[in-house]
Amino acid sequence: KDRRAVATWLIFIAYCGIEISAGSWGSTFLVLTKGVSPEVAARCVMLYYGGLAMGRLVSGFVANRLTPKSLIYIGSSVMGASILVLLIPSSYIVAAIALFMIGFGEGPIYPNLMHLTPIHFGREMSQSMMGAQSASAFVGSAFLPPLFGVIAQGISAGLLPLYLLILYVIMLLALVFDGY
């Protein structure tokens, strides 16, 4: 169970790193790589957060028809495909749609991972694992977006899609390793 716990922590660190980095740096990415005004970029990032909210809402509506694991993998697939679209040189409109879809794909992941904790680790361990998962989420949220800021300042904000892809691959590998 120790290796599964470490994999779960990696999932939460990477997932939250993606979620907060995309929201925090999406507008900078759009301004510096797509040439849009800060106002337009801010609206595009608003779409990202709207996608996240819509993804959570839709996953709640279909939760009785699909298993939590299915929702996690469907969301992960949408998120991964959308990150790949963000990697393709394109207009800001395509990038904005990709950001929306990244958020939409993220929607079901966090709540369903938490929902599966008692099943995945047993009831006796679920409370401490949920605490550890929340701590891991905090680590990903607190440290990975500033890390990208260092990368953006030192190299280029255009690396955001690649950064998100690296975190996504870590998350996906940990999901598969952990047996989700």
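Heads up: the structure comes first, above all this text.
Residues numbered from 1 in each chain as written. Predicted model: local features only at pLDDT ≥ 70, side-chain atom pairs only at ≥ 80, totals over all residues. Heavy atoms only, no water.

Caption draft 1: Looking closely at the overall build of the chain. Looking only at helices and strands, the chain has 7 helices and 0 strands in total. Ordered by position in the sequence, the α and β elements of the chain form the string α-α-α-α-α-α-α. Relative to the 2.2 N^0.38 estimate, which gives 16 Å for 180 residues, the radius of gyration of the chain is 16 Å and therefore close to what a compact globule would have. Sequence-distant contacts, at least 24 apart, represent 79% of the contacts inside the chain between residues at least 6 apart. When the accessible surface of the chain is summed, it comes to about 8700 Å², and 72% of that surface belongs to carbon and sulfur atoms. Here the chain contributes 9 positive and 6 negative side-chain charges, whose respective centroids are spaced 7 Å apart. (Helix = DSSP H or I, 4+ residues; strand = E, 2+ residues; numbered from the N terminus. Rg over C-alpha atoms; globule rule 2.2 N^0.38 Å. Contact = heavy atoms within 4.5 Å. Areas by Shrake-Rupley, 256 points an atom, 1.4 Å probe, with all protein chains shown as cover. Lys, Arg positive; Asp, Glu negative; His and termini not counted. Charge placed at Lys NZ, Arg CZ, Asp CG, Glu CD.)

Caption draft 2: Local environment of the side chain of S21. Looking at the secondary structure, you find S21 in helix α1 (residues 2–34). Residues in contact with S21, not counting those within four places in the same chain, are C16, G26, L144, P145, L160, Y163 and L164.

Caption draft 3: How the structure looks around the packing of aromatic side chains. Tallying each qualifying case throughout the model produces 6 aromatic pairs. Aromatic side chains F100 and F104 sit 6.4 Å apart centroid to centroid with 20° between the ring planes, which places their arrangement in the stacked category. Of the two residues, F100 and F104 are both situated in helix α4 (residues 92–106); the distance of 4 residues between them amounts to about one turn of the helix. Judged by relative accessible area, which is 22%, F100 ranks as partly exposed. (Phe/Tyr/Trp six-rings, centres within 6.5 Å; stacked < 30°, edge-to-face > 60°. Buried < 20%, exposed > 50% of the residue type's maximum accessible area, 1.4 Å probe, protein only.)

Caption draft 4: The pattern of salt bridges, seen in detail. Counted according to the given criterion, the structure contains 2 salt bridges. Between R56 and E19 there is a salt bridge; the shortest N-O distance is 3.9 Å. Taken as a pair, R56 in helix α2 (residues 38–62) and E19 in helix α1 lie far apart in primary sequence, 37 residues in all. (Salt bridge = Lys/Arg side-chain N within 4 Å of Asp/Glu carboxyl O.)

Caption draft 5: Geometry of a nonpolar patch on the surface. Residues V6, W9, L10, L84, L87, L162, I166 and I170 make up a contiguous nonpolar surface patch of about 640 Å² in total accessible area. Those elements that place two or more of their residues in the nonpolar patch are α1, α3 (68–87) and α7 (160–178). (Patch = residues over 30% accessible without salt bridge, like charges linked within 9 Å, V, L, I, M, F, W, Y side chains within 5 Å.)

Caption draft 6: Representation of α2. The terminal C-alpha atoms of α2 lie 36 Å apart, and with 25 residues this matches the ideal 36 Å at 1.5 Å per residue to within 8%. For α2, every residue scored as buried is listed here: A41, C44, V45, Y48, G51, L52, G55 and S59. (Expected span 1.5 Å × (residues − 1).)

Caption draft 7: Representation of the packing of α2 against α4 within the structure. For the pair α2 and α4, interaxial distance at closest approach is 6 Å and the crossing angle is 30°. Taken as axis vectors, α2 and α4 run roughly parallel relative to one another. When the axes of α2 and α4 are compared, the crossing they make is right-handed. Taking contact as the criterion, the partners of V40, C44, L47, Y48, G50, G51, L52, M54, G55, R56 and V58 in α2 are, on α4, Y92, A96, L99, F100, I102, G103, F104 and E106. Tallied by class, the residues present in the contact of α2 with α4 amount to 13 nonpolar, 4 polar and 2 charged. (Axes fitted to C-alpha atoms, helices over the stretch in contact; angles between N-to-C directions. Parallel < 35°, antiparallel > 145°, perpendicular 65-115°, else oblique. Left-handed = near helix turned anticlockwise from the far one by under 90°. Nonpolar A, V, L, I, M, F, W, Y, C, P; charged D, E, K, R; others polar.)

This is a description of form; function is not addressed.
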